[in-house]
Structure formats: structure tokens, C-alpha cells
Amino acid sequence: MLLAVAWAGACGGEPGVEVRGGQGGGPDGEKPPVHRAGGIEVTDPVFTEPLAGGAGALYLGLANRGDETATLIGLSVEGADASLHRTEEREGRTAMTPVEGIPLAPGAELRLRPGGYHGMIRWSGPGPAPGDTLAVTLRFDEGPGLTVPASVVGHGEALTRHPPEEP
Ligand SMILES: [Cu+2]
């Protein structure tokens, strides 16, 4: 099922957006925060500032340092409906599809970011503002999951910290 393209802005994937700064990271060379539980590593989780309709995205780095495949199967955020999405180009249009699970083989790294996998967040009410920090729980096929603090940032900063996938 394809979801409304109206959300594409929340999830980035705009062609022609050029982002410099390599693999992201905090401002001024600060090290981005890394959170670990078991073999799972989460780097620099950020929410994008919600759009007027209450939609935003969650971006982060994810790595599996363990010995077994771990599959990310869902997200939980208080006060929001959160799910996993993927942005794809189809016939020149950007579309988002829900994702049931994102498998991470041992040693695998990936990023939830504009133009690729991302968390789709639909806030009830006005939602948070830049500068806020909220907890997000990543649920895996096994284990208790991992709850990490994620800061709310503007779209420009989100693109700097998690650069879009190369076409
Ligand atoms: Cu989405």
C-alpha cells in the first residue's frame, strides 16, 4: 500500500537537496550520542519538528554489534502513532510504504534517514518543538527493546545529522 505523498516533506527525500558534512554528527564536531543495549547500538536519534498536520520523522543510526540477526519491528513514542516506513522512488515520484521489519545481520549498520528507512511519527495534538527531548522505544523481534532519548530538531539540522541516502 502506498501512503499519501503529502507526507513526503516530513520524511525528506527531496531531490536536489545537497547536504555536506559526510556522515553527520553533532554541531561543531561534538560527538553524537550513542546508546547501547545488548548488541544494538543507536546513534544520534532525532525527531524532526512536526509539520502543521502533526507528522514528523525519526532518524537515527543503527548497528548490530551482536552475533545474531536482530530485526527492528516497531517504534513506540508516547503521545504519537509511530511506525516504520521506507521512502522509494517510483516512476519519478516519491512514495512511502510501511515496513514490517528491518533485519540487521551481525555487523550490519544502517541509518533511518531522509529518502530511506525512517520512523513515521504522527503526533496527537500540536506535538513537540525543537529543543524538546522525548523517549522513543525501538522494539526488536527478540529482547526487551531499547528506549533512548531523541531530541526534536528542525528539518535542516535533521538533514545535516542524517544525510539523505545517495540515489
Ligand atoms: Cu514516512
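Quick caveat, the model's predicted, so the values are computed rather than measured. (Residues numbered from 1 in each chain as written. Predicted model: local features only at pLDDT ≥ 70, side-chain atom pairs only at ≥ 80, totals over all residues.)

Quick look at the overall build of the protein chain
Just so we agree on the cut-off: For helices the rule is a DSSP run of H or I covering at least 4 residues; for strands it is a run of E covering at least 2, with both sets numbered from the N terminus onward. Residues are called buried when their C-beta atom has 20 or more other C-beta atoms within 10 Å, exposed when it has 12 or fewer, and partly exposed otherwise; all C-beta atoms are positioned from the backbone. Our contact criterion uses C-beta atoms placed from the backbone: two residues qualify when those atoms are within 7 Å.
The number of helices and strands found in the protein chain is two helices and eleven strands. Starting at the N terminus and walking to the C terminus, you meet the elements of the protein chain as α-β-β-β-β-β-β-β-β-β-β-β-α. Within the span of the protein chain, comprising 167 residues, buried residues form 38% of the whole. Contacts spanning at least 24 positions in sequence make up 71% of the contacts within the protein chain whose residues lie at least 6 apart.

Focus on the environment of K31
Relative to the helices and strands, K31 resides in the loop between α1 (8–11) and β1 (34–37). Between the alpha carbons of K31 and T43 there is a distance of 9.8 Å; along the sequence they are twelve residues apart.

Notes on the confidence of the model for the protein chain
Test applied: You can read pLDDT as the predictor saying how much it trusts each residue, on a scale of 0 to 100.
The pLDDT averaged across the protein chain works out to 85; a share of 82% of its residues lies at or above 70. Residue range residues 1–26 is modelled with pLDDT below 50. Its contacts to residues more than four positions away, or to other chains, number 49 contacts.

With respect to the environment of A105
Within the fold, A105 resides in the loop between β7 (102–104) and β8 (109–112). By C-beta crowding, A105 is classed as exposed, having 10 other C-beta atoms within 10 Å. Considering only alpha carbons, one finds A105 and T71, 34 residues apart in sequence, at a separation of 8.3 Å. Among all residues touching A105, those that are not within four sequence positions of it are N64 and T69.

A short note on the nonpolar core
Under the convention used in this document: Among buried residues, those of type Ala, Val, Leu, Ile, Met, Phe, Trp, Tyr and Cys that are joined through C-beta atoms within 7 Å form a set called a nonpolar core.
Residues L58, Y59, L75, I121 and L138 are the most contacted members of the largest nonpolar core, which totals 32 residues. If you list the elements that add at least two residues to this core, you get β2 (40–48), β3 (55–64), β4 (70–76), β5 (80–90), β9 (117–123), β10 (133–140), β11 (146–153) and α2 (155–161). In terms of residues, this core owes the most to one element, β3, which gives six residues. In this view, Y59 contacts V46, L112, R113, H118, A158 and H162; residues no more than four positions away in its chain are not counted.

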